[in-house]
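Coordinates in review
Given next are the chains, with one letter for each unit.
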Amino acid sequence: SCKYVIVGHSERRAYHHESDQLIAEKTLRALSAGIAPIVCVGETLEQRELGQTDAVVSAQLQAVLDVLDDEALAKIVVAYEPVWAIGTGKTCAAEEANRICGLIRGWVGNPGVTVQYGGSVNPATIDDLMAQSDIDGVLVGGASLDPVSFARIVNYGR
């Protein structure tokens with residue numbers, strides 16, 4: 001059975017023009033089907049360079065938070081995926097990823113919420129990412145296609 005579903009991934013937002021409000025609706029529908037949504041949020045390179053990272057991520061997340069009650073809120077996962085780092089080989093510095101994940105945790109208002117980082121996660125970056133205080137896990141894309149790389153990520157602490 002399916003336990004999780006990704007909603008709000010940057011490719012869906014960009015190529016299918018999914019709005020923050022549609023992501024909120026998909027989050028509700030997933031929850032009503034008994035599936036935990038992994039809500040993706042993140043900024044483009046242009047937005048980052050313009051200093052809009054915090055505002056963009058906050059607005060994307062707020063649309064979802066506005067439709068959830070406390071019970072539903074406890075069932076979601078939030079993944080910070082800077083668009084400029086997805087599939088590009090560029091990774092957000094671990095400290096900056098941690099800063100954004102900490103902001104997300106505060107905006108959600110539930111210290112127990114699971115906050116993940118995704119964005120060119122690979123064997124070379126996993127240890128630094130997972131050493132951060134506000135990164136609970138990672139959302140892995142391309143590196144999951146290489147069994148050796150993926151095994152290194154999955155077994156990062158060993």
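In terms of regular secondary structure, the protein is built from 8 helices and 5 strands. Its helices and strands in sequence order give the protein the pattern β-α-α-β-α-α-α-β-α-β-α-β-α, from N to C terminus. Taking 15 Å as the expected radius of gyration for a compact globule of 158 residues, we find that the protein reaches 15 Å, a close match to that expectation. With respect to the three principal axes, the spread of C-alpha positions in the protein is 40 × 40 × 30 Å. Counting all 158 residues of the protein, 44% fall into the buried class. Put simply, of all contacts in the protein between residues at least 6 apart along the chain, 67% involve residues at least 24 apart. Of the roughly 8200 Å² that the protein leaves accessible, carbon and sulfur atoms contribute 53%. In the protein, which carries 12 positive and 20 negative side-chain charges, the distance between the mean positions of the two groups comes to 6 Å.

Our next topic: the packing of aromatic side chains. Taken as a whole and judged by the stated rule, the model has 1 aromatic pair. Residues Tyr80 and Tyr117 carry aromatic rings whose centres are separated by 6.1 Å and whose planes lie at 55° to one another, so their mutual orientation is tilted. Here Tyr80, found in strand 3 (residues 77-80), pairs with Tyr117, found in strand 4 (residues 114-117); they are 37 residues apart in sequence, far enough to count as distant. Take Tyr80: its relative accessible area is 0%, and that puts it in the buried class.

With that settled, consider the sheet that holds strand 4. Pairing is parallel across the open sheet formed by 5 strands, whose spatial order is 1-2-3-4-5. Each of the sheet's edge strands pairs with one partner strand only, and the pair in question is strand 1 (4-7) and strand 5 (137-138). Running over the sheet, helix 2 (residues 20-32) touches strand 1 and strand 2 (36-41) and is turned about 160° from strand 2. Running over the sheet, helix 4 (residues 53-65) touches strand 2 and strand 3 and is turned about 155° from strand 2.

This brings us to the side chain of Asp134. Mapped onto the fold, Asp134 is located in the loop between helix 7 (126-130) and strand 5. A distance of 2.8 Å separates the side chain of Asp134 from the side chain of Arg105, its partner in a polar contact. The contacts of Asp134, once residues within four sequence positions are left out, are Asn98, Cys101, Gly102, Arg105 and Val115.

It is worth spelling out the nonpolar core at this point. One finds Val78, Tyr80, Ile104, Val108 and Tyr117 to be the most contacted residues of the largest nonpolar core, which totals 36 residues. Elements represented by at least two residues in this core include exactly helix 2, strand 2, helix 4, helix 5 (70-73), strand 3, helix 6 (94-108), strand 4 and helix 7. Of the residues forming this core, the biggest block, 6 residues, is contributed by helix 6. In this structure Ile104 touches Val41, Val57, Leu61, Val78, Tyr80 and Val115, once residues within four positions along its chain are discounted.

Further remarks concern the packing of helix 4 against helix 6. For the pair helix 4 and helix 6, the least separation of the axes is 11 Å and the interaxial angle reads 35°. Regarding helix 4 and helix 6, the two cross each other, and that crossing is right-handed. Residues Thr53, Asp54, Val57, Ser58, Leu61 and Leu65 of helix 4 pack against Arg99, Ile100, Leu103, Ile104, Trp107 and Val108 of helix 6. Here the contact of helix 4 with helix 6 is composed, by residue class, of 8 nonpolar, 2 polar and 2 charged.

Procedures and definitions
Residues numbered from 1 in each chain as written. Predicted model: local features only at pLDDT ≥ 70, side-chain atom pairs only at ≥ 80, totals over all residues. Heavy atoms only, no water. Helix = DSSP H or I, 4+ residues; strand = E, 2+ residues; numbered from the N terminus. Rg over C-alpha atoms; globule rule 2.2 N^0.38 Å. Buried < 20%, exposed > 50% of the residue type's maximum accessible area, 1.4 Å probe, protein only. Contact = heavy atoms within 4.5 Å. Areas by Shrake-Rupley, 256 points an atom, 1.4 Å probe, with all protein chains shown as cover. Lys, Arg positive; Asp, Glu negative; His and termini not counted. Charge placed at Lys NZ, Arg CZ, Asp CG, Glu CD. Phe/Tyr/Trp six-rings, centres within 6.5 Å; stacked < 30°, edge-to-face > 60°. Pairing = 2+ DSSP bridges. Axes fitted to C-alpha atoms, helices over the stretch in contact; angles between N-to-C directions. Polar contact = N/O pair within 3.5 Å; in protein donor to acceptor, adjacent residues only side chain to side chain. Core = buried A, V, L, I, M, F, W, Y, C linked by side-chain atoms within 4.5 Å. Left-handed = near helix turned anticlockwise from the far one by under 90°. Nonpolar A, V, L, I, M, F, W, Y, C, P; charged D, E, K, R; others polar.

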